[in-house]
Amino acid sequence: MAGTVRAALYLRVSTGRQADSDLSIPDQRRQAKGYCTSRGWEIVADYVEPGASATDDRRPEFQRMIDAATVKPSAFDVILVHSFSRFFRDQFQLEFYVRRLAKNGVRLVSITQELGDDPMSNMIRQIMALFDEYQSKENAKHTLRAMKENARQGFWNGALPPIGYRIVEAAEQRGHRTKKTLEIDPIQAETVRLIYRLAREGNGPSGPMGVKSIAKHLNESGIRTRDGGRWGVDAVHKVLTRTTYVGRHRFNTKYWKTRERKPETDVVEMAVPPIIDAAEFETVQVLLKRRSPAMTAPRVVSGPTLLTGICFCAACGGAMTLRTGKSGRYRYYTCCTKARQGETGCKGRTIPMEKLDSVVAAHIEQRLLQPKRLEQILSRVLDRREERTKGRATHITELRKRAAEAGAKLKRLYDAIENGIADVSDLMLKERVTELKAIRDQARADAERAEGALDRAGPSITPQALKTFASQARRRMRTESGGYRRDHLRALAQRIEVDAKEVRIMGSKSVLLRTLVAASSAKSAGFGVPSFVPKWRARRDSNS
């Protein structure tokens, strides 16, 4: 090159922590200046990348430097780095940019890995790049393994915690680093509880609210996100679907580059203090699933009619859809087959919308929502539930007894060793101790799982609970104007069949019981359940 060589320095460290506290960048700059001085080069640019990985080219300063190097004429003749790994830790990308720079007459030079331009030097550089790439992947693998183990032990790996939590120092310290854990942020946790309450029961007369309605309500109420921003649909949905809020934070769920989901075998659950109880969380998941367009058509969820999506013609099985007359003054439920094909397709019914809505809602109020009727419908389900509860309780007792017996046997063996009666080096003794420990630990774990299942089953259903539920459900089905609430009605009836002389109302006993349990355990019934599971119409004459 003729004249003074113009050099651009590229200085990089991998993490923000290194950029804040490490001497790597000052040291890289000192060595680069010394290198240029010894060769008479002029430093014309300085590009510093604090806390950026070299596995890809998504680096602002790097791209600014490449832009300056590839314009004609180039802003400099040489890019100087401490080592090739500072420039790239991907062999293919390194060679791509080296060739791109060479086309514009710019060379890449390493202070610690000096190479020429001959074929042998190019091959050595490529081999070095392969080793750098391998080392980078190995480091990432070992770091992730350590972070997963850290999460298993209940420690926080960094990053911003979910809303409702804050990072605190743990009592335990390993090495020179203090471990971190999560604790409940009392202020933000109230926002989380409010979001779940709105999803479950709504705001007063609204009934259960969808994700978009919740976001709108929070913004209108002046409730802001943690950083003072406005709530969006995605932020609310994340709150409502995070298992973190029931005490199980999921770590290592996505690939950080592509954001694709990882297999469940790679995910680690970290125990954190719960903000929402499991029963309320499951109720909200059912509501979200029901509102999902993948499960239920949007018109069924947000349509204006009370029975859209659950009302069907008994003759042909087609849906009863809304039809209007006199420019919208009159509204009817009409068999969709008849509407499309006429009476040759189906002689189905056409019924005024207000009349059918009133008949269905009044029947549910007067016949289903009576304590004795509820007890009659749910008698078999409640009996089976009681039997399962008793069976689980007995099973838990047996497991606890087995664990206690194994623990007592272990204690006797330890006493025998301590008193010199048994030889600690005896292989059979070691095997017996290992076996008893396994029996004890397995029995304890099984008992804890069984107790968790028992807790999730919810409280027992008493006559008073049935009476309270029936009264609340009748009251909450009605709006202030005298109409009916869609979601509340759909929690009790999932299919309406309209025949020539009768209307059949059907629902699921298991769904009815789940709604009742939710009302007993979570302050309010979890109205809004999966539809199309007809079960509770025990006798035709009782629901016609």
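In this report, the structure presented in the accompanying data block is examined. (Residues numbered from 1 in each chain as written. Predicted model: local features only at pLDDT ≥ 70, side-chain atom pairs only at ≥ 80, totals over all residues. Heavy atoms only, no water.)

**Looking at the overall build of the chain**
Part 1 of the reasoning: In terms of helices and strands, the chain carries 19 helices and 14 strands.
Part 2 of the reasoning: A burial count over the chain gives 43% of its 544 residues as buried.
Part 3 of the reasoning: Pairs at least 24 apart in sequence give 65% of the contacts found in the chain among residues at least 6 apart.
Part 4 of the reasoning: On the chain, roughly 30,100 Å² of surface is accessible, and the fraction owed to carbon and sulfur atoms is 51%. (Helix = DSSP H or I, 4+ residues; strand = E, 2+ residues; numbered from the N terminus. Buried < 20%, exposed > 50% of the residue type's maximum accessible area, 1.4 Å probe, protein only. Contact = heavy atoms within 4.5 Å. Areas by Shrake-Rupley, 256 points an atom, 1.4 Å probe, with all protein chains shown as cover.)

**What about the sheet that holds strand β3 (residues 78–81)?**
Part 1 of the reasoning: Strand order in this open sheet of four strands is β2-β1-β3-β4, and the pairing throughout is parallel. Two strands bound the open sheet, and with one partner strand each, they are β2 (42–49) and β4 (107–110). For this sheet, the mean inter-axis angle between neighbouring strands, taken without regard to orientation, is 25°.
Part 2 of the reasoning: Direction of pairing for strand β1 (residues 6–12) relative to β2: parallel, over a ladder of seven bridges. Across the sheet, the residue bridging to tyrosine 10 is tyrosine 47, located in β2.
Part 3 of the reasoning: Of the strands in this sheet, β1, β2, β3 and β4 touch helix α2 (residues 24–39), which is tilted by about 160° from β1.
Part 4 of the reasoning: Running over the sheet, helix α3 (residues 60–70) touches β1, β2 and β3 and is turned about 150° from β2. (Pairing = 2+ DSSP bridges. Axes fitted to C-alpha atoms, helices over the stretch in contact; angles between N-to-C directions.)

**Concerning helix α5 (residues 91–103)**
Part 1 of the reasoning: Spanning 13 residues, α5 covers 19 Å between terminal C-alpha atoms, matching the ideal 18 Å at 1.5 Å per step.
Part 2 of the reasoning: Buried within α5 we find Gln91, Gln93, Leu94, Glu95, Tyr97, Val98 and Leu101.
Part 3 of the reasoning: Those residues of α5 that are buried are in contact with α3, β3, α4 (84–87), β4 and α6 (119–152).
Part 4 of the reasoning: Glycine 105 sits one or two positions beyond α5 and adopts a positive phi of about 80°. (Expected span 1.5 Å × (residues − 1).)

**Remarks on the pattern of salt bridges**
Part 1 of the reasoning: In total, this model carries 18 salt bridges according to the counting rule given.
Part 2 of the reasoning: For arginine 64, the salt bridge identified is with glutamate 61, shortest N-O distance 2.9 Å. Of this pair, arginine 64 and glutamate 61 both sit in helix α3, three residues apart, roughly one helical turn.
Part 3 of the reasoning: Through salt bridges with shared partners, a single network forms among Arg495, Glu497, Asp499, Glu502 and Arg504. (Salt bridge = Lys/Arg side-chain N within 4 Å of Asp/Glu carboxyl O.)

**As for the packing of α5 against α6**
Part 1 of the reasoning: The geometry of α5 relative to α6 is characterised by a closest axis approach of 8 Å and an angle of 140° between their N-to-C directions. It follows from the interaxial angle that α5 and α6 lie oblique. Taking contact as the criterion, the partners of Gln91, Leu94, Glu95, Val98 and Arg99 in α5 are, on α6, Arg125, Gln126, Ala129, Leu130 and Glu133. (Parallel < 35°, antiparallel > 145°, perpendicular 65-115°, else oblique.)

**Quick look at the packing of aromatic side chains**
Between two aromatic rings, the relevant description is the distance of the centres plus the angle of the planes.
Part 1 of the reasoning: Scanning the entire structure with this criterion turns up 13 aromatic pairs.
Part 2 of the reasoning: Considering the side-chain rings of phenylalanine 62 and phenylalanine 88, the 5.5 Å spacing of their centres and the 90° angle between planes classify their relative orientation as edge-to-face. Taken together, the residues span a long stretch of sequence, with phenylalanine 62 in helix α3 and phenylalanine 88 in the loop between α4 and α5 at a distance of 26 residues. Of the two residues, phenylalanine 62 and phenylalanine 88, neither departs from the other in class, the shared state being buried.
Part 3 of the reasoning: Through successive ring pairs, a cluster of aromatic residues spans Tyr10, Phe62, Phe87, Phe88, Phe96 and Tyr97.
Part 4 of the reasoning: One Lys or Arg, arginine 39, reaches over the ring of tyrosine 35 and ends 3.7 Å from the middle of that ring.
Part 5 of the reasoning: It is arginine 59 that lies over the ring of phenylalanine 62; its NZ or CZ is 4.3 Å from the centre. (Phe/Tyr/Trp six-rings, centres within 6.5 Å; stacked < 30°, edge-to-face > 60°. Lys NZ or Arg CZ within 6 Å of the ring centre and 35° of its normal.)

**Description of helix α9 (residues 233–241)**
Part 1 of the reasoning: Every buried residue of α9 is listed here: Val236, Val239 and Leu240. Across the axial projection of α9, the buried residues extend over an arc of 95°, all falling on one side. (Arc of directions from axis to C-beta.)

**Details of the sheet that holds strand β11 (residues 330–335)**
Part 1 of the reasoning: Spatial ordering of the open sheet is given by β10-β11-β12, a layout of three strands whose pairing is antiparallel. Either end of the sheet is taken by a strand with one partner, and the two such strands are β10 (320–325) and β12 (350–352). Here the strands of the sheet are splayed against their neighbours by 35° on average, with no regard to which way each runs.
Part 2 of the reasoning: As paired elements, β10 and β11 share six bridges and run antiparallel to each other. Counted as the bridge partner of threonine 321 is threonine 334 from β11.

**Some words on the pairing of strand β14 (residues 503–506)**
Part 1 of the reasoning: Every second residue of β14 is oriented toward a common face, with Val503 and Ile505 on one face and Arg504 and Met506 on the other, all of them buried.
Part 2 of the reasoning: Bridging between strand β13 (residues 495–498) and β14 involves four bridges; their strand directions are antiparallel. Directly across from valine 498, in β14, lies its bridge partner valine 503.
Part 3 of the reasoning: Taking the residues that link successive antiparallel strands as the turn, the β13-β14 hairpin has four residues.

Geometric values such as these leave the question of function open.
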